[in-house]
Amino acid sequence: MKFAYKFSNLLGAVYRQGNLGFSSDGNSVISPVGNRLSVFNLKNNTSETLPISTSKNISCVGLSPDGNVAVVVDEDGAALLVSLVTRAVLHHFHFHKAVNSVSFSPDGRKFVVTKENVALMYHAPGKRRHFNAFVLDKSYYGPYDETTCIDWTDDSKCFVVGSKDMSSWVFGAERWVNLIYYSLGGHKDVMVGCFFEKDSLDLYTVSQDGALCVWESDTGLDGLFLSRKAQKASAAEEEEEEEEEQERGEGGEGEVIRGKVESQKDKKEKNVRYRQRSKHFFNKEGDFNKLTAATFHKQTHLLVTGFESGVFHLHELPEFNLIHSLSISDQRISSIAINSSGDWIGFGCSRMGQLLVWEWQSESYVFKQQGHFNNMATLAYSPDGQYVATGGDDGKVKVWNTHSGLCFVTFTEHSSSITGITFTSSGFVILSASLDGTVRAFDLHRYRNFRTFTSPRSVQFSSLAVDVSGELVSAGAQDSFQIFLWSIQTGRLLEVLGGHEGPVSGLSFSPVQSVLASVSWDRTVRLWDMKNSWQVKETLSLSADGLAVAYRADGQELAVATLNGEISFWNPQSAAQTGSVSGRHDLQTGRKETDKITAKQLAKGKSFTSLCYSADGESVLAGGQSKFVCIYNVKEQMLLKKFEISCNLSFDAMEEFLDRRKMTEWGSLALVDEGAGDEDGVDISLPGVRKGDMSSRHFKPEIRVSSLHFSPTGRSWAAATTEGLLIYSLDSSLLFDPYDLDLDVTPASVRRQMQLQEWTAAIVMSFRLNEKLLKQEVLEAVPHQQIRVVCSSLPDVYVEKLLGFVASCLETSAHLQFYLTWAQSLLMLHGHKLKGRSVAILPTLQALQRSIQRHVDGLSKLCDFNVYNIRYAVALSKQRGVKRGAEEEEEEEEEEEEEDDEGLSEGMSEVSVDDMML
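Here the structure is a predicted model, which is why all the values come from computation and not from measurement.

Right, let's talk about the overall build of the protein for a bit. When you go through the protein residue by residue, the secondary structure sums to ten helices and 61 strands. The buried share of the protein, taken over its 918 residues, is 51%. Surface exposure of the protein reaches about 43,800 Å², of which carbon and sulfur atoms provide 48%.

Below, the structure is given as structure tokens:
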């Protein structure tokens with residue numbers, strides 16, 4: 001159980017290449033990331049990476065209309081039939097050529113695959129239970145060049161295929177008398193999209209030069225009819241279809257339909273005809289902006305087009321009215337998808353690794369994510385395990401939420417590669433070191449860079465560490481061989497430590513003492529005493545150049561990775577070596593395509609470049625220039641498990657043996673650069689060039705693990721790799737692991753004890769069965785006032801198990817006070833016994849702290865919001881009271897003035913009468 005870590009999620013990359021797709025309900029976007037599929041739920045704001053992988057990068061994905069299955073095809077044409085319900089691979093198939101697009105028919109009975117200049121129509125699996133999942137129905141030939149796009153009519157009777165030969169071909173899915181095939185021209189560049197109008201054979205075709213052609217058909221969908229022979233054949237097919245498919249077998253040859261370009265004279269009068277109704281252009285005069293992606297929503301008649309400059313347009317068809325235009329990136333838009341309701345539009349930019357979802361009616365972003373532009377170099381977990389901070393070669397610092405899998409803040413202040421990153425003990429400050437000669441501190445409250453630490457002389461920092469108190473930050477230089485110490489509070493440089501004779505490759509503060517360990521290429525580890533004037537406390541001699549150093553959680557052991565592939569363990573108190581592990585043979589490095597020696601000889605020069613201790617300190621995790629991550633037991637000094645982080649052959653150094661077919665007498669074919677364009681690998685262009693770069697080159701990135709880190713809870717660990725940020729976690733929900741199980745321990749007996757109100761016995765029996773739902777049922781049935789009594793009578797062996805279960809339930813349950821009472825009672829009554837095993841139960845306590853902290857954050861925001869609302873209501877009532885008081889005073893003054901006026905008028909009238917009498 002301890003080492004049953006499974007791949008959980010892929011962070012740090014949201015899109016690489018291929019086509020995007022929306023789920024059937026329109027709430028999730030499905031994005032290919034390398035050789036994996038990620039599903040981003042836009043309603044719940046979460047992400048999930050499916051536990052499937054192809055042998056190379058995914059080039060296209062076809063989703064069934066009901067959203068149950070998907071056909072995933074990689075660059076070589078290897079296909080997977082994936083169930084999106086069970087997240088399992090149902091079938092493997094190989095098309096033997098690169099596939100350009102896959103599309104299911106709207107009724108879900110067929111799907112079309114285009115490769116080279118042919119369109120292949122297969123029976124879709126799932127409608128009937130077939131032994132062969134991919135059964136070829138028909139092959140359609142017509143285009144003279146590679147096919148690029150597909151679209152179906154609403155009733156699945158016909159489909160259209162666009163090609164690089166600037167033509168579009170309409171094919172009948174059945175043997176229609178008046179429509180077998182029809183070719184359309186009218187364009188001067190490669191076809192990007194072909195779309196049928198709703199419930200019609202009318203067409204819209206879009207080409208790469210920004211031209212839109214509107215085609216009108218003289219026949220409706222109900223005007224297509226089968227011949228008598230075809231009707232008989234279709235009736236016979238319905239009866240014998242399963243037998244034919246079994247005989248034909250997987251990948252067998254179906255019916256072949258060959259189309260040819262005909263003149264109008266050759267066409268019969270009764271056949272379907274098209275005429276060009278109108279033609280429109282997206283580009284203005286003199287401005288050539290290549291159109292790279294397009295999609296059409298039939299219900300709303302909305303055409304979305306993306307361009308090479310990162311601009312997209314929304315047009316209403318067939319009038320070609322411009323609704324909206326916006327620039328979302330400075331790179332080409334590679335893929336566009338629109339959900340079923342037509343409200344959300346998904347955009348993918350492969351060059352920048354961007355994925356955006358735009359709500360065009362409100363003109364706002366629903367989703368906006370971007371991974372690191374270059375390789376991910378380093379990572380760090382927050383103290384509560386809720387966040388992961390990553391630094392890349394692009395100079396960006398990104399913070400990811402481990403629960404949702406999404407990045408919520410990006411810092412761009414650094415101007416060069418990030419070499420080290422860490423959190424302070426409070427968890428609200430991130431420190432990062434860079435080759436630009438600065439160490440920066442970022443505040444997660446206000447999301448700003450509030451401190452910048454520099455050296456008196458410009459240096460490049462290669463390592464970083466912060467002490468337990470969060471007061472001292474240290475960085476090692478790779479050119480001056482010095483270590484710099486700063487105060488986080490004041491930002492002042494406190495000391496410059498010298499003594500190393502090579503670049504400082506790693507730093508680590510002791511968790512319990514004021515001791516800094518530094519490892520260097522000079523084959524030494526130096527322990528610096530922070531209390532005693534920063535003097536060297538001990539110097540440990542290594543057998544080779546030091547590459548990484550890490551302290552155990554209790555500070556009683558030190559692990560050092562060296563250039564000869566070994567991991568040595570030291571006692572920092574006695575400066576004695578306690579053991580070592582030789583891991584060179586465990587790396588199993590692959591051979592790059594340009595290497596002239598074998599992988600076995602290459603492995604002699606490989607080593608671990610990153611390592612970290614587990615939360616309990618019993619094992620150490622190590623990774624380096626290989627596709628494997630190794631976990632070793634420190635006490636036994638043996639390999640426990642190896643994790644293969646990737647099987648993607650699109651990366652270099654993946655295979656131990658090279659393909660002899662790529663070797664010629666002049667060298668490897670991998671050395672031949674096929675030029676710029678949409679080729680394999682990563683594009684490199686000259687700085688400042690956005691288009692028209694004739695010097696553009698491509699390279700295949702080498703697979704490697706640049707950084708590793710265990711979660712403080714011990715439930716997961718993360719690896720920063722060439723593929724992205726991989727999260728491996730313990731999947732205990734699917735693992736039945738009973739203990740002390742007897743024949744009498746059954747769910748029925750547990751519920752019987754609950755009826756008798758024997759709560760302690762019920763809890764013990766439910767934990768023996770170890771079923772989560774049953775344990776939760778028993779726990780929530782205990783009356784609130786008896787929780788303390790039950791905790792006091794609980795056996796010691798079940799206290800830690802119950803505390804861990806309470807921590808996991810507290811993370812998701814709405815019964816906040818109830819589970820907090822359980823946690824408080826367990827800790828108060830059994831605190832002394834748990835303290836003796838603090839190292840072993842540290843992951844459980846940190847998981848509990850993380851759950852409580854998450855609720856504190858959520859409730860504090862809610863309370864602050866309510867406080868502001870109450871203050872506003874009070875101020876508003878006071879203001880209204882003042883207004884009412886002022887109005888009442890005005891009314892009283894008016895009444896008094898009226899009374900005075902009346903009295904004065906009466907007095908005046910009396911005076912006038914007296915005067916009159918006089």
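On we go.
This part is about a nonpolar patch on the surface. Together, L820, I852 and V856 line one region of the surface with nonpolar side chains, adding up to about 200 Å² of accessible area. Relative to the assigned elements, V856 resides in helix α10 (residues 842-917).

It is worth spelling out the packing of helix α4 (residues 747-755) against helix α6 (residues 772-781) at this point. Where α4 contacts α6, the axes come no closer than 11 Å and their chain directions differ by 5°. One way to sum up the angle between α4 and α6 is to call them roughly parallel. Contact with α4, carried on its side by P747, V750, R751 and M754, involves L774, E777, V778 and A781 of α6 and no other residues of that element. For the contact of α4 with α6, the per-class residue count stands at six nonpolar, no polar and two charged.

Hydrogen bonding along the main chain pairs the strands of a sheet, whether they run parallel or antiparallel. Reading across the sheet, the four strands line up as β14-β15-β16-β17 and stay open at both edges, with antiparallel pairing between neighbours. Looking along the sheet, the strands with just one partner apiece sit at the ends: β14 (147-152) and β17 (181-184). Neighbour to neighbour, the strand axes of the sheet diverge by 20° on average, direction disregarded. Two elements, β14 and strand β15 (residues 158-163), share five bridges in a ladder whose sense is antiparallel. Bridging across to β15, D151 finds its partner in V160.

Here we come to the sheet that holds strand β48 (residues 558-562). The four strands lie next to each other as β47-β48-β49-β50, forming an open sheet whose pairing is antiparallel. Each edge of the open sheet carries a strand with a single partner, namely β47 (546-551) and β50 (576-582). Across this sheet, the average inter-strand angle for adjacent strands is 20°, counted without regard to direction. Bridge count for β47 against β48 is five bridges, and the pairing is antiparallel. Along β48, the bridge assignment pairs A548 with A561.

One finds I763, L779, L802 and W822 to be the most contacted residues of the largest nonpolar core, which totals 36 residues. At the level of elements, α4, α5 (759-769), α6, α7 (787-792), α8 (796-812), α9 (816-835) and α10 are the ones that each hand at least two residues to this core. The residues contacting L802, other than those within four sequence positions of it, are F767, L779, L794, W822 and L826. If you look at the next biggest cluster of nonpolar residues, it comprises 22 residues, including L621, V629, W717 and Y728.

Turning next to the pattern of salt bridges. Any two side chains of opposite charge can pair, so long as their charged atoms come close to each other. For the structure on display, the rule yields 20 salt bridges. Put simply, D554 and R552 hold a salt bridge, and the shortest N to O gap is 2.8 Å. Look at D554 and you get partly exposed, because its relative accessible area is 25%. A network of salt bridges, in which partner residues are shared, links K110, D137, K138 and E174.

Here we come to the environment of S432. Note that S432 resides in strand β36 (residues 429-434). A relative accessible area of 0% means that S432 is categorised as buried. Separated by 14 residues in the primary sequence, S432 and I418 have C-alpha atoms spaced 6.9 Å apart. Setting aside chain neighbours within four positions, we find S432 in contact with V397, H414, I418, G420, I421, T438, V439, R440, F442 and L464.

A few words now on the environment of T390. With respect to the helices, strands and loops of the structure, T390 is situated in strand β32 (residues 387-392). Distance in space between the C-alpha atoms of T390 and H372 is 9.0 Å, their sequence separation being 18 residues. Of note is the side chain of T390, whose polar atom sits 2.9 Å from the side chain of H372. A polar contact is formed between the side chain of T390 and the side chain of W400, at a distance of 3.0 Å.

Rules used throughout
- Counting of residues starts from 1 at the beginning of each chain's written sequence and follows it residue by residue.
- Two thresholds apply to this predicted model, a pLDDT of at least 70 for residue-level local features and 80 or more for giving and counting side-chain atom pairs, whereas whole-chain, interface and lining totals are computed over all residues.
- Excluding hydrogens and water, the side-chain figures rest on all heavy atoms present in the structure.
- Every helix listed is a DSSP run of H or I at least four residues long, and every strand listed is a run of E at least two residues long, numbered separately from the N terminus.
- When accessible area is computed with a 1.4 Å probe and restricted to protein chains, residues below 20% of their type maximum are described as buried, those above 50% as exposed, and intermediate ones as partly exposed.
- For accessible areas, the Shrake-Rupley method is used with a probe of radius 1.4 Å. Any residue's cover is judged against the shown protein chains and nothing else.
- Candidate patch residues must exceed 30% relative accessible area and have no salt bridge, after which like charges are joined if within 9 Å and Val, Leu, Ile, Met, Phe, Trp or Tyr side chains if within 5 Å.
- The rule for a salt bridge is simple: a side-chain nitrogen of Lys or Arg has to be within 4 Å of a carboxyl oxygen of Asp or Glu.
- Angles shown run from 0 to 180 degrees and are taken between the N-to-C directions of axes, each axis being a line fitted to C-alpha atoms and, for helices, limited to the stretch in contact.
- Should an angle lie under 35 degrees it is considered roughly parallel, over 145 roughly antiparallel, and from 65 to 115 roughly perpendicular; all remaining angles are considered oblique.
- Whether two residues are in contact is decided by their heavy atoms, any of which lying within 4.5 Å being enough.
- As a working rule, the residues Ala, Val, Leu, Ile, Met, Phe, Trp, Tyr, Cys and Pro are called nonpolar, Asp, Glu, Lys and Arg charged, and the rest polar, with Gly in that last group.
- A pair of strands counts as paired when DSSP detects no fewer than two bridges linking them.
- By nonpolar core is meant a set of buried Ala, Val, Leu, Ile, Met, Phe, Trp, Tyr and Cys residues that side-chain atoms within 4.5 Å join together.
- In protein, a polar contact means a hydrogen-donor-capable atom and an acceptor-capable atom, both N or O and within 3.5 Å, with residues adjacent in sequence counting only if both atoms are side-chain atoms; elsewhere, any N or O pair within 3.5 Å suffices.

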